[in-house]
Amino acid sequence: MKNLFYLPLIFIFSQYLYADDNLSLREIYVITDVLQPGSISAGESHSFADLESKINDADTSSLLNYFLGTDVQQNGSLSGLIGIHGLFDDRVKISVDGIDLESSCTNHSDPDLTYLDINAIDNLKVFSGITPVSMGGDSLAGTITVTSKKPKFTSNGSTITGKIKSFYKSNNDEQGVSLSSQFASENFSVNYIGSYTEANNYNAGSNFKNSSYGDSGSSSDRSGILDDEVASTGFRIENHAIGLAFKKDNLIYDLKMSYQEIPYQALVNQRMDITDNHSYKVNFSISEEFNWGDYKIQAYTHHVEQEMNFGKNKQFMYGTAYGMPMAHSGETNGVNFITNHLLDESKALRYGAEIQKYQLEDWWNPTGTSDMAMMAPNTFRSINDGEKDKYSIFAELDNQIDTRWFSQVGLRYALIQTDADDVNGYSQCNDSYKTSTSSCGGMNMNLNYLTDSSNFNAANHKKIDHHLDLTGILSFAADKNNTYEMGYSIKNRSPNLYERYAWSTSAMTSSMINWVGDGSGYIGDVNLKKETAHTLGFSYDYHDEHKKSVELKINPYFTYIHDYIDAVSGVSRTDGFKSLTLGNQNAKIYGVDISLYKKILSTAGWGDFDGLAQLSYKRGINTDTNDDLYHMMPINLKFDLNQRNGNWQNTLAFEIVDSKNKVNDIRSEQKTSGYGLVNFRSNYKFSQAQINFSINNLFDRYYEHPLGGVYFGQGSTMSTNTTGITTSNLSNVPGMGRNIFTSIEYSF
């Protein structure tokens, strides 16, 4: 474990002030009759209790489907990538207990939420579009803050509480168990949360493969894959987390330690699978409350080791090559602090700083000893000693001008420094070396290792970006029923290490660099510039005085992104896919989110009925090429009809998605048809137990999710010629067919 000196630094900075990032000025103001805030400044927040009845799998990111303006891009059964207003992955700031992480995988199969057990969540909060600078940088699209279970203390004596839960899904035989337990006394708290989940491949609503799909290659159980089976969707995961906390008056010391192991996670829209992944995280904080505000100081370390290869559903042998082993190692260390300081009864100043250092190694071991082999004789260095370091400071002022007007202004400066050492290919040869008897790798695959690595090594790898983020929000409460808000922000994002340092133009090796699931290969650019997003947001919120019976939210937005990182050129291949080079262009995104909650009626015999409708529309365009941006979710409507009768709650949920016809041309993005799904959820609470039951995709509808990507679930996924998966036999990844989910939990 490197750089452990960050842990004791929290004591050095203990005189500084660090506030809870969920703290809002209007939650602590002394001013009376403060009117309701709008959705820009307050965000959208849900506790785990609000969302628990909607859980039907182990992927923590799936909970974000229930937030307005968010979408989830499938990137493995456990590792969905979150999008806000059409911007995904690194463009969304995700903070888990104050920590945001960089991906340590060529396919970004390890986003932040992957490392948090879904049962460990206490609260989720989403800021769509415009984010207060106190929430951190790299938030072009918005910010998601997630807090895990907090330590609890008793007023006297001691208690032991806990919960055990098990569940089962019929479609893919997914089953799991989780256990949580907590000991609490007046000054000391210990808690443990652990879970284990495994699943097989899931089935679509009907057959979707043509008769020749994947037949060119062999895999260990290729003959057993059915035509409606979505191969490479199985997984296994194990989580363990321990928390220790000590309290003295208003001072709290909190230590959280977690370990995760994923023996395998097949990736349906990638050419390879995860064959091993394990990580650990240590997070230590000190917090204290005063009559003028509070502070919190934090130090953390996170380490992940991951291996990839072809899983059991994909062809393993290519000529004399026994698989294609890949390995990634990432380590993140950081210290940050922030304070919330009440200046008077109407103003609060929030300020702080952050230091984060990230290191990445990405290497691919050879599968032979001769340079005539496809992947030999050297270790392929994809990212060699990659570094991304962040140093930032910020200040933010909240001003409750009066009971009707509220303003927030924030400024953040960050210095981002990236670097990487020299690289090499499997062999040091070029296309020009090929003869009729020698093909420089045995497969005649346009390798160019020598030229590509030499060009990369000759370049200046060390890059420094300066970010200046600005956010301004003005809120006006016309009365106790109507709130208007307008906001403007400037946000920046530096390229991730793969965008900047992926160097090989070979069709085979570039195809390994892909986190969008489109089948293409990606080549980085060491001279990429940072992205800068200008966002205008507006919010209208109509509600009853206590937001109990009716609430209407309308949130239009517009974002212009200068130096947007996109695919700018591509080399076509014999399989129909492309090797794409990244570059800076410009883009714009606009849209509107609308939600309506209405309490419908109350009856003596049937209980209370209410409904929630959410409509989302967005459009994204590359203004340099006039091409539609990739992975833009078409207009969609979600509607939940809820019934609550005592301890019983039932929900009939409808989801309607329009056809996707505006697609990204440079990536040959596939169109999808419109569809409608019907889901049913029910749960009953006893004094110490709860039973959950649901039927998803009630009518077993076949559909292709617009963000599912290209199906690479089986067969010859690595052949970049006409012998494997090509654009001529291509299929989109289909959604899951009818699935019955049931769970039972017992609290003690």
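In the block above lies the structure referred to throughout.
Overview of the structure. (Residues numbered from 1 in each chain as written. Predicted model: local features only at pLDDT ≥ 70, side-chain atom pairs only at ≥ 80, totals over all residues. Heavy atoms only, no water.)

1. Observations concerning the environment of Asp-100
Step number 1: By secondary structure assignment, the location of Asp-100 is in the loop between β5 (92–96) and β6 (121–128).
Step number 2: On the basis of relative accessible area, Asp-100 is assigned to the buried category, the value being 8%.
Step number 3: Between the C-alpha atom of Asp-100 and that of Leu-113, which follows or precedes it by 13 residues, the distance is 9.7 Å.
Step number 4: Contact partners of Asp-100, with chain neighbours within four places excluded, come to Lys-93, Ile-94, Asp-112, Glu-354, Gln-356 and Lys-390.
Step number 5: A polar contact is formed between the side chain of Asp-100 and the side chain of Lys-390, at a distance of 2.9 Å. (Helix = DSSP H or I, 4+ residues; strand = E, 2+ residues; numbered from the N terminus. Buried < 20%, exposed > 50% of the residue type's maximum accessible area, 1.4 Å probe, protein only. Contact = heavy atoms within 4.5 Å. Polar contact = N/O pair within 3.5 Å; in protein donor to acceptor, adjacent residues only side chain to side chain.)

2. Some points on the sheet that holds strand β3 (residues 81–84)
Step number 1: Here three strands make up an open sheet; going across it, the order is β2-β3-β4 and the pairing antiparallel. The sheet is open, and its two edges are formed by β2 (70–73) and β4 (87–88), each paired on a single side.
Step number 2: Note that β2 and β3 share four bridges and pair antiparallel. Bridged to Thr-70 within β3 is Ile-84. (Pairing = 2+ DSSP bridges.)

3. Things to note about helix α5 (residues 449–458)
Step number 1: All buried positions along α5 are accounted for by Tyr-449, Asp-452, Ser-453 and Phe-456. The buried residues of α5 occupy one face: seen down the axis, they fall within an arc of 90°. Along α5, the residues that are exposed and aim more than 90 degrees away from the buried face are Asn-455 and Ala-458.
Step number 2: Check the buried side of α5 and you find it contacts β21 (380–400), α6 (497–501) and α7 (507–510). (Arc of directions from axis to C-beta.)

4. Focus: the pairing of strand β13 (residues 235–248)
Step number 1: Across twelve bridges, strand β10 (residues 188–199) lies against β13 in antiparallel orientation. For Tyr-192, the partnering residue across the bridge sits in β13 and is Ile-242.
Step number 2: Relative to strand β14 (residues 251–265), β13 runs antiparallel, the two being bridged by 13 bridges. Looking across to β14, one finds that Ala-245 is bridged to Asp-254.
Step number 3: Linkage of β13 to β14, two consecutive antiparallel strands, is achieved through a turn of two residues, within which Asp-249 is found at a positive phi near 55°.

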